[in-house]
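Descriptive analysis of the structure
What follows is each chain in one-letter form.
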Amino acid sequence: MSVARCFPFIWMLLIAVPVSAQLAQFPPEEFIERRAGLCESVGEGYVLLFGESIRHPAIRLRQENDFFYYTGVEDLNAAMLIDVSDDCAARLFLPSQSEREVRMDGANLLNDLDRAEEAGFSQVHEMSRLAEVLVRSKGDRTVPFWVRFGESDYVDWNRYEVAMLVARQFATGFGNQQSLSAYRLEMLRTRFPGLALRDVTRLIDLQRMIKTPREIEVLRRNAAASSTGIRRAIEITAPGVYEYE
């Protein structure tokens, strides 16, 4: 069948997808409010968070959960530095992109400053400037520099489960690879010994535990979609029918 003949059928499938089945979107205000809540929790200093570093094969890009929670940014290899004392001003750091990368992944916010401003970022820098900004930011060594000591959490693994997986890799005697979170923490301690590092993991978890009204709406929508699917599966279940059917 030709593409032209297929198109009407594909279009019917697309328009048949209800709004409730589409990817949830949050306005920039949601992420700005979350950052403000984090700044209130830490009280002073700086907060540094990193995004996902690679695109996993065969699945849609999923940003690192904590990073997405506070930024709404899905660009790869991103970092965010929040100056708590400067009205919670958030600076975003992103790698420069080649033309091929822009074609494949779309332009990141380094190439779309208007969108970055709408997202509430005070400045957007090329990633190579992060080291210099960290040195300039440390100032008084008693100023806390908040980073996450804990592991990332994933779709179906919490931080504890990820940490256990890393520990088991070490236990085999051959798994000597650090987690990305542990490597970043070691790098900060080694290259920037003047930073008064503090663990922000618990404060992030406490904030993420309490859902905002918009998050509650998404959770209810997801629960409705799941229950509908389960009910329909039950309706077609019968003796002799296999699960894959």
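The paragraphs below set out a description of the structure included in this document. Quantities reported herein were computed from a predicted structural model and do not represent experimental measurements.

1. Observations regarding the nonpolar core
One recurring pattern in soluble globular proteins is that nonpolar side chains are buried together. Formed by 26 residues in total, the largest nonpolar core has its most connected members in V42, V47, M80, L92 and F121. Elements with a contribution of two residues or more to this core: α2 (28–42), β1 (46–50), α3 (65–71), β2 (79–83), β3 (89–94) and α9 (201–209). Each residue touching F121, except ones within four places of it in the same chain, is listed here: R35, T71, V73, M80, A90, L92, L109 and A116. By size, the runner-up hydrophobic cluster in this structure holds 16 residues, among which are L81, V133, V147 and F192.

2. A short note on the side chain of N65
For N65, the position within the fold is in helix α3. With near-sequence residues (within four places) excluded, N65 lies in contact with D153, Y154 and R208.

3. Considerations on the state of the cysteines
On inspection of all chains with the given rule, the structure shows one disulfide. Each disulfide pairs two cysteine sulfurs, and for C39 the partner residue is C88, the sulfurs being separated by 2.0 Å. On the sign convention where negative is left-handed, the bridge of C39 and C88, at about 80 degrees about the S-S bond, is right-handed. Within this pair, whereas C39 is found in helix α2, its partner C88 is found in the loop between β2 and β3, the two being separated by 49 residues in sequence. Each member of the pair, C39 as well as C88, carries the same accessibility label: buried.

4. Points about the layout of surface pockets
Computed from the structure, the largest pocket encloses a volume of approximately 1,500 Å³. If you list the elements that add at least two residues to the lining of the largest pocket, you get α2, α3, α4 (99–105), α5 (113–118) and α10 (213–235). When residues of the lining of the largest pocket are assigned to their parent elements, the largest contribution, five residues, is made by α10. Considering only enclosed or pocket space, the second largest pocket measures out at about 490 Å³ in volume. The set of elements that each furnish at least two residues to the lining of the second largest pocket consists of α7 (159–171) and α8 (180–191). Broken down by element, the residue count for the lining of the second largest pocket peaks at four residues, all from α7.

5. Quick look at the environment of L109
By secondary structure assignment, the location of L109 is in the loop between α4 and α5. When its relative accessible area of 3% is taken as the criterion, L109 is described as buried. For the pair L109 and V124, spaced 15 residues apart in sequence, the C-alpha separation works out to 7.5 Å. Setting aside its immediate chain neighbours within four residues, L109 contacts V73, D75, L92, L94, R115, A116, F121 and V124.

6. Thoughts on the sheet that holds β2
The strand order β4-β3-β2-β1-β5-β6 describes an open sheet built from six strands, whose pairing is mixed. Because the sheet does not close on itself, it has two edges, and the strands there are β4 (123–126) and β6 (196–199). Strand-to-strand twist in this sheet, taken as the mean axis angle between neighbours without regard to direction, amounts to 25 degrees. Of the strand pairs in this sheet, β2 and β3 are connected by five bridges, and their pairing is antiparallel. Each residue of the ladder has a partner; that of A79, found in β3, is F93. Strands in contact with α2 are β1, β2, β3 and β5 (144–147); relative to β2, the strand with the most contacts, it is inclined by about 55 degrees.

7. Digging into α7
In this model, α7 (13 residues) spans 18 Å end to end at C-alpha, consistent with the 18 Å of a helix rising 1.5 Å per residue. Residues of α7 that are buried: R159, V162 and V166. End-on, the buried residues of α7 take up no more than an arc of 70 degrees, which puts them together on one face. Looking at α7, the residues exposed on the side facing more than 90 degrees away from the buried face are Y160, R168 and A171. Close packing links the buried residues of α7 with α3 and α9. Where α7 begins, the side chain of N158 points an oxygen toward the backbone nitrogen of Y160, at a separation of 3.1 Å.

Rules used in this analysis
Residue numbering note: each chain is counted from 1, following its sequence as written. The predicted nature of this model means local features are confined to residues of pLDDT at least 70 and side-chain atom pairs, given and counted, to a pLDDT of 80 or more, with totals for whole chains, interfaces and linings taken over all residues. Based on all heavy atoms of the structure, the side-chain values leave hydrogens and waters out of the count. The nonpolar core is taken to be a set of buried Ala, Val, Leu, Ile, Met, Phe, Trp, Tyr and Cys residues, with the residues joined through side-chain atoms within 4.5 Å. Residue exposure (1.4 Å probe, protein chains only): buried if accessible area is under 20% of the type maximum, exposed if over 50%, otherwise partly exposed. Numbering of helices and strands starts at the N terminus; helices are DSSP runs of H or I of at least 4 residues and strands are runs of E of at least 2. Whether two residues are in contact is decided by their heavy atoms, any of which lying within 4.5 Å being enough. Disulfides are defined as cysteine sulfur pairs within 2.5 Å. In this analysis, the protein atoms alone were mapped onto a 1 Å grid. Cavities are point sets where a 1.4 Å probe fits without being able to get out; pockets are open sets with protein on both sides within 12 Å along at least five of seven lines; lining residues have an atom within 4 Å of a point. Grid points are joined across faces, edges and corners, and a volume is the space filled by probe spheres set on the points. By this definition, two strands are paired if DSSP reports at least two bridges between them. Note on method: axes are straight lines fitted to C-alpha atoms, helices fitted across the in-contact stretch only, with angles between N-to-C directions ranging 0 to 180 degrees. What a helix is expected to span follows from its residue count: subtract one and scale by 1.5 Å. The arc refers to the directions leading from the helix axis to the C-beta atoms. As used in this structure description, the phrase polar contact means that two N or O atoms lie within 3.5 Å; if the pair is within protein, one of them must be able to donate a hydrogen and the other to accept it, and residues adjacent in sequence are counted only when both atoms belong to side chains.

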